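A look at the structure
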Amino acid sequence: MKFKWSAMLLLAMTLVLSACGGNSNSGNQPVNSNKGNESSNQPSDETGTGNEPVTIEFMGHGNPSEKSIFEKLIASFEDRYPHVTVKYTSVPPGEYSQKLTTLISSGKAPDVFYVGGSEFYRFAEAGTILNLQSYLDGTELFDQDNVWKPALDRYRYNGEKVGTGDLYGLPKDVGPWTFVYNKTLFDEQGIAPPPAAAGEWTWDDMLAAAKQLTVDQNGDGRPEQYGVAAYTLESAVWANGGNFIDYETGQVLVNEPAFYEAMQFVADLTLVHNVSPNVEAEQSMNGYTRFLNGQLAMFAMGPWDQPAFWELPFEWDIAAWPASPATGETATWLGSMGFAVSNKSNHPQEAFDLAAFLSLDEYGQRQNYELGQAVPNLINMAKGEFLETDKAPANRQVFLDIIEDYGRPDVPAFSKDTQWIDLFWQQASRVWNGEVTAQQFTAEIQPKMQELYDKFNK
């Protein structure tokens, strides 16, 4: 996972799903499983023996933990569909986009692959990925009323824009970006932890706690323990009533007061209050490592971080992102990656079956959340057994609150070219290091961003 110092500090992950062809009798029936019934937790072989052997290729990316999880899921899929062999390739996240582009350009696209954000938009527009609607209409596995709408809408395309129309992908996950805290550090200082409910804790409350939790034992201005890190600019801007862009009009909005005031607040956590690592300190030890080491009180996490966090020697939990004092509102971003099927797959039915199993199948979704990979895509499972599990975080409801109430798509989700927002992140360090104020920076950068957006997205 790669964080941007821009306060997003998170990778924008991309997912594409490629399809493979095959017989229609591939066994896409839902697993009728009930929690507590041991036999229902096993995949059933509904495919029979009449299908010809098929090999499909699936490519994704992620850390070793994610690779291990998908190896288990694929093994379960192959048990369910014994005539299908899946050749799985996991690429380092930083190399994934280039490798996928090369494979597609050379006509060697995997049958199923991760896709998301601007890549999804471009691939759907170019006909690179398969329209899955007819496959979904023909299977009992898909009940769109039981799948998170914000996740499905990321993979809809109507021929002109993303967000409406047929489904060209299925969600790998829906990723609520939560506010995580070291409960042990809060308890040791006698500080009440941040609440799970949105709007009850403001920036001012967070800053007061961060000051108490920042420890500079040497008195050299370089704390051994920081109060907060990776405070996302998106959360601050949206909570403050601002936005990066209005996609309906195509107007870049970073030069408005609600935006630059929020940006200055994030910068001042370091520049004025010294409760968050500066660029130099972040390069020495990033926020993720600091949190794992117990040297950071408040941070950011996605559901995919759970396996690593389950091994921590201290107590932790998640909370709502702090609200802006100006608006009383809370916000954060809601990421997603998707599975897409290549339009040139020789086995589109089997490819769809794999994508559907990984995205929608009850057994696969149960494995996914039990292994700590994601919040279930299935709403009834997320609101039922997922909330009831005894593993951390205790405040699991926060994940669902973000999905349903105050999570927003990450900034490039509906943009087919990201040069406009890339320029912003590349130059935002001028604010983080105090070279210019946020107001000066956004006034200067907005016309340049607007020019790039108009040139490549309209």
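In this report, the structure presented in the accompanying data block is examined. (Residues numbered from 1 in each chain as written. Predicted model: local features only at pLDDT ≥ 70, side-chain atom pairs only at ≥ 80, totals over all residues. Heavy atoms only, no water.)

1. Some words on the overall build of the chain
Using the following cut-off: The secondary structure listing takes helices from DSSP runs of H or I that are at least 4 residues long and strands from runs of E that are at least 2 residues long, numbered from the N terminus. In this scheme, a residue with accessible area under 20% of its type's maximum is buried, one over 50% is exposed, and one in between is partly exposed, where area comes from a 1.4 Å probe on protein chains only. Residues are treated as being in contact if the distance between any of their heavy atoms lies within 4.5 Å. Residue exposure ignores everything except the shown protein chains as possible cover, and the areas themselves are Shrake-Rupley values with a 1.4 Å probe.
On a plain count of helices and strands, the chain comes out with 19 helices and 14 strands. Evaluated residue by residue, the chain yields a buried proportion of 58% over its 458 residues. Taking as baseline every contact in the chain between residues at least 6 positions apart, the subset at least 24 positions apart corresponds to 76%. A total of about 18,200 Å² of accessible surface is found on the chain, and carbon and sulfur atoms cover 44% of it.

2. Describing the layout of surface pockets
How we decide: Definitions used throughout: a 1 Å grid over protein atoms alone; a cavity as a set of points that fits a 1.4 Å probe which cannot get out; a pocket as an open set with protein on both sides within 12 Å along at least five of seven lines; a lining residue as one with an atom within 4 Å of a point. Grid points are joined across faces, edges and corners, and a volume is the space filled by probe spheres set on the points. Lys, Arg, Asp and Glu make up the charged group, whereas Ala, Val, Leu, Ile, Met, Phe, Trp, Tyr, Cys and Pro make up the nonpolar group; the residues left over, Gly among them, are polar.
A volume near 510 Å³ is recorded for the second largest pocket. Looking at the second largest pocket, it is lined by 24 residues, and the ones nearest its centre are Lys161, Val162, Tyr247, Glu248 and Phe414. The leading source of residues in the lining of the second largest pocket is strand 14 (residues 407-409), at 3 residues. When the residues that make up the lining of the second largest pocket are grouped by side-chain class, the tally is 9 nonpolar, 6 polar and 9 charged.

3. Describing the pattern of salt bridges
What counts is decided by this rule: One side-chain nitrogen of Lys or Arg within 4 Å of one carboxyl oxygen of Asp or Glu is enough to make a salt bridge.
Applying the stated criterion across every chain, the model contains 16 salt bridges. Between Lys448 and Glu444 there is a salt bridge whose closest N-O contact spans 3.7 Å. One end of the pair is Lys448 and the other is Glu444, both in helix 19 (residues 438-457) and 4 residues apart, which spans about a single turn. One network of salt bridges, with partners in common, ties together Arg430, Glu435, Glu444 and Lys448.

4. Things to note about unusual backbone geometry
Of note, the amide linkage connecting Ala392 to Pro393 takes the cis form, showing an omega dihedral of 5°. Along the chain, the position of Pro393 falls in the loop between helix 15 (379-388) and helix 16 (397-406). Within the chain, Ala230 stands out as a residue other than glycine whose phi angle is a positive 60°. Relative to the helices and strands, Ala230 resides in the loop between strand 8 (226-228) and helix 8 (233-239). Assessed through its relative accessible area of 4%, Ala230 is described here as buried. A positive phi angle, close to 55°, is found at Asn274, a residue other than glycine. Tracing the chain through its elements places Asn274 in the loop between helix 9 (257-271) and helix 10 (279-284). Take Asn274: its relative accessible area is 30%, and that puts it in the partly exposed class.

5. Focus: the environment of Asp166
Quick reminder of the rule: By the criterion applied in these results, polar contacts are pairs of N or O atoms within 3.5 Å in which, for protein atoms, one can donate a hydrogen and the other can accept it, and in which residues neighboring in sequence qualify only through two side-chain atoms.
Within the fold, Asp166 resides in strand 5 (residues 166-167). For Asp166, a relative accessible area of 33% translates into the label partly exposed. Asp166 sits 32 residues away from Ser134 along the chain, and the two C-alpha atoms are 9.1 Å apart. When sequence neighbours within four positions are dropped, the list of residues in contact with Asp166 reads Asn131, Gln133, Tyr155, Arg156 and Tyr157. One polar contact links Asp166 to Asn131, side chain to side chain, over a distance of 3.0 Å.

6. A closer look at the packing of helix 17 (residues 419-427) against helix 19
If you want to describe how two helices pack, look at the angle between their axes and the distance between the axes. Which entries qualify depends on this criterion: What counts as an axis is a line fitted to C-alpha atoms, over the stretch in contact for a helix, and the angles between N-to-C directions run from 0 to 180 degrees. Roughly parallel covers angles under 35 degrees, roughly antiparallel covers those over 145, roughly perpendicular covers 65 to 115, and oblique covers all other angles. Crossings are assigned a handedness: left-handed for a near helix turned anticlockwise from the far helix by less than a right angle, right-handed for a clockwise turn.
Helix 19 packs onto helix 17 with a crossing angle of 155° between their chain directions and a minimal axis gap of 7 Å. In this view, helix 17 runs roughly antiparallel relative to helix 19, as classed from their interaxial angle. Every pair of crossing elements has a handedness; the one defined by helix 17 and helix 19 is right-handed. Here helix 17 contributes Gln419, Trp420, Ile421, Leu423, Phe424 and Gln427 to the contact with helix 19, which in turn contributes Phe441, Ile445, Lys448, Met449, Leu452, Tyr453, Phe456 and Asn457. The residue inventory of the contact of helix 17 with helix 19, partitioned by class, reads 10 nonpolar, 3 polar and 1 charged.

7. Looking at the pairing of strand 2 (residues 84-91)
For the record, the criterion: Strands are treated as partners if at least two bridges between them are detected by DSSP. By convention, orient the strands away from the viewer: a clockwise path from the first strand over the helix to the second makes the crossover right-handed.
Here strand 1 (residues 54-61) runs beside strand 2; their pairing, made up of 8 bridges, is parallel. Residue pairing in the sheet places Gly60 in a bridge with Ser90 of strand 2. Since strand 1 and strand 2 lie parallel, the crossover through helix 1 (residues 64-80) that links them has a hand, and here it is right-handed.

8. As for the sheet that holds strand 11 (residues 296-301)
Taking strand neighbours across the sheet as the criterion, the 4 strands line up as 8-11-7-12 in an open arrangement whose pairing is mixed. With one partner strand each, in any of the chains shown, strand 8 and strand 12 (316-319) form the two edges of the open sheet. On average, each strand axis in the sheet is tilted by 30° relative to the strand beside it, whichever way the strands run. Two elements, strand 7 (residues 178-182) and strand 12, share 4 bridges in a ladder whose sense is antiparallel. Note on strand 12: the bridge partner recorded for Asn182 is Trp316.

9. Overview of the pairing of strand 7
Regular strands have side chains that alternate between both faces of the sheet. Where burial is concerned, most of strand 7 is hidden: 5 out of the 5 residues are buried. Both faces of strand 7 are covered, namely the face carrying Thr178, Val180 and Asn182 and the face carrying Phe179 and Tyr181. For strand 7 and strand 11, the ladder comprises 4 bridges, and the chain directions are antiparallel. Residue pairing across strands places Thr178 opposite Met301, the latter belonging to strand 11.

10. Some details on helix 16
The buried count for helix 16 comes to 7 of 10 residues, which makes it a mostly enclosed element. Every buried residue of helix 16 is listed here: Val398, Phe399, Leu400, Asp401, Ile402, Ile403 and Tyr406.

11. Overview of helix 1
What counts is decided by this rule: Expected span of a helix, by definition, is 1.5 Å for each gap between consecutive residues, and there is one gap fewer than residues. Directions are taken from the helix axis to each C-beta atom, and the arc is the one they span.
Taking 1.5 Å as the rise per residue, helix 1 with 17 residues should run 24 Å; its terminal C-alpha atoms sit 25 Å apart, in good agreement. Regarding helix 1, the residues found buried are Glu66, Ile69, Phe70, Leu73, Ile74, Ser76, Phe77 and Arg80. The buried residues of helix 1 all sit within an arc of 155° when viewed along its axis, so they share a single face. Turned more than 90 degrees from where helix 1 packs its buried face, Pro64 and Asp79 sit exposed. Measuring from the side-chain oxygen of the N-cap residue of helix 1 to the backbone nitrogen of Glu66 gives 2.8 Å; that N-cap residue is Asn63.

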